[in-house]
Amino acid sequence: MKTLIIFGTVEGQTGKIARYAAEVLERLGHEVELIDADDPAEISFAGVDAAILAASVHQRRHPRKFEALLTAHAADLAKVKTLLLSVSLNAAFPEGHEEAREYVTDMEMRTHFTPTDDMLVGGALRTAHYDYFALQVIQHVVMRGRPFDPSETEHEFTDWDALTRKLESFFV
């Protein structure tokens, strides 16, 4: 089975998730092609059976280039089985799932594309790259008082086991 993995990442966690998905699918015997939405080569859907669409959420939306790519290829994507991995911090916490689901709904309305299936995936914080103001926004707006230590340089909220189960069940 040939599978495209198209991803849009801002801080790198979604790229890590896309590469992980590629490893899982290759172990399952898939032929995989990774495509970065920031630097898409010519995308060919010839012989493609499925597509995984992975994108991070920042400021309540997926990257514009990722959404533009979905819009441009909506007709091709509609012909194959698709799984959207919407990566956000809200997805990491039960009380944030409703808002994380809104990100997907808003993206579908903007792109006029609805994937076959989707998964809300917890993202990561890379505090080593944030200035004082950004850390305050993370602590008081994004994390909303949830516990995390801003002195640690990386906080990963991705549930790798749940992601593996989703990928495996999607391709059964």
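The structure this text deals with has already been given above.
Let me begin by describing the structure that accompanies this report. Treat the numbers as computed from the prediction; the structure is a model and nothing was measured.

How each quantity is defined
Residues numbered from 1 in each chain as written. Predicted model: local features only at pLDDT ≥ 70, side-chain atom pairs only at ≥ 80, totals over all residues. Heavy atoms only, no water. Buried < 20%, exposed > 50% of the residue type's maximum accessible area, 1.4 Å probe, protein only. Helix = DSSP H or I, 4+ residues; strand = E, 2+ residues; numbered from the N terminus. Pairing = 2+ DSSP bridges. Axes fitted to C-alpha atoms, helices over the stretch in contact; angles between N-to-C directions. Parallel < 35°, antiparallel > 145°, perpendicular 65-115°, else oblique. Left-handed = near helix turned anticlockwise from the far one by under 90°. Contact = heavy atoms within 4.5 Å. Nonpolar A, V, L, I, M, F, W, Y, C, P; charged D, E, K, R; others polar. Salt bridge = Lys/Arg side-chain N within 4 Å of Asp/Glu carboxyl O. Expected span 1.5 Å × (residues − 1).

**Comments concerning the pairing of strand β3 (residues 50–56)**
Successive side chains on a regular strand alternate, one facing one side of the sheet and the next facing the other.
Item 1. Burial runs high along β3: seven of the seven residues are buried.
Item 2. Going residue by residue along β3, you find Ala50, Ile52, Ala54 and Ser56 tucked away on one face and Ala51, Leu53 and Ala55 tucked away on the opposite face as well.
Item 3. Note: strand β1 (residues 2–8) against β3, six bridges, orientation parallel. Bridging across to β3, Leu4 finds its partner in Ala51.

**Brief notes about the packing of helix α2 (residues 64–72) against helix α4 (residues 97–111)**
Each packed pair of helices is defined by two parameters, the angle between the axes and the distance between the axes.
Item 1. Contact geometry of α2 with α4 gives a least axis separation of 9 Å together with a crossing angle of 50°. One way to sum up the angle between α2 and α4 is to call them oblique. Crossing angle aside, the handedness with which α2 passes α4 is right-handed. Side by side, α2 and α4 meet where Phe66, Glu67, Leu70 and Thr71 of the first sit next to Met107, Arg110 and Thr111 of the second.
Item 2. Of the residues that constitute the contact of α2 with α4, the class distribution is three nonpolar, two polar and two charged.

**Brief notes about the pattern of salt bridges**
Pairing between side chains of opposite charge can happen when their charged atoms approach one another.
Item 1. This model, assessed by the stated rule, comprises seven salt bridges.
Item 2. With a closest N to O distance of 2.7 Å, Asp117 and Lys166 form a salt bridge. Here Asp117 is found in strand β5 (residues 117–122), whereas its partner Lys166 is found in helix α6 (residues 160–170), with 49 residues between them in sequence.
Item 3. Looking at Asp117, the relative accessible area reads 27%, which means it is partly exposed.
Item 4. Residues joined by salt bridges that share partners form a network here, namely Arg60, Glu99 and Glu102.

**Let's talk about helix α1 (residues 13–27)**
Item 1. Between its first and last C-alpha atoms α1 spans 21 Å; for 15 residues at 1.5 Å apiece the expected length is 21 Å, and the two agree.
Item 2. Residues of α1 that are buried: Gln13, Thr14, Gly15, Ile17, Ala18, Ala21, Ala22, Val24 and Leu25.
Item 3. Gly29, located one to two residues past α1, shows a positive phi value of around 95°.

**Considering the environment of Ala54**
Item 1. Along the chain, Ala54 turns up in strand β3.
Item 2. On the basis of relative accessible area, Ala54 is assigned to the buried category, the value being 0%.
Item 3. Spatially, the C-alpha atom of Ala54 lies 6.0 Å from that of Ser86, the residues being 32 residues apart in sequence.
Item 4. Setting aside residues up to four positions removed in sequence, Ala54 forms contacts with Ile6, Phe7, Gly8, Thr14, Phe66 and Leu85.

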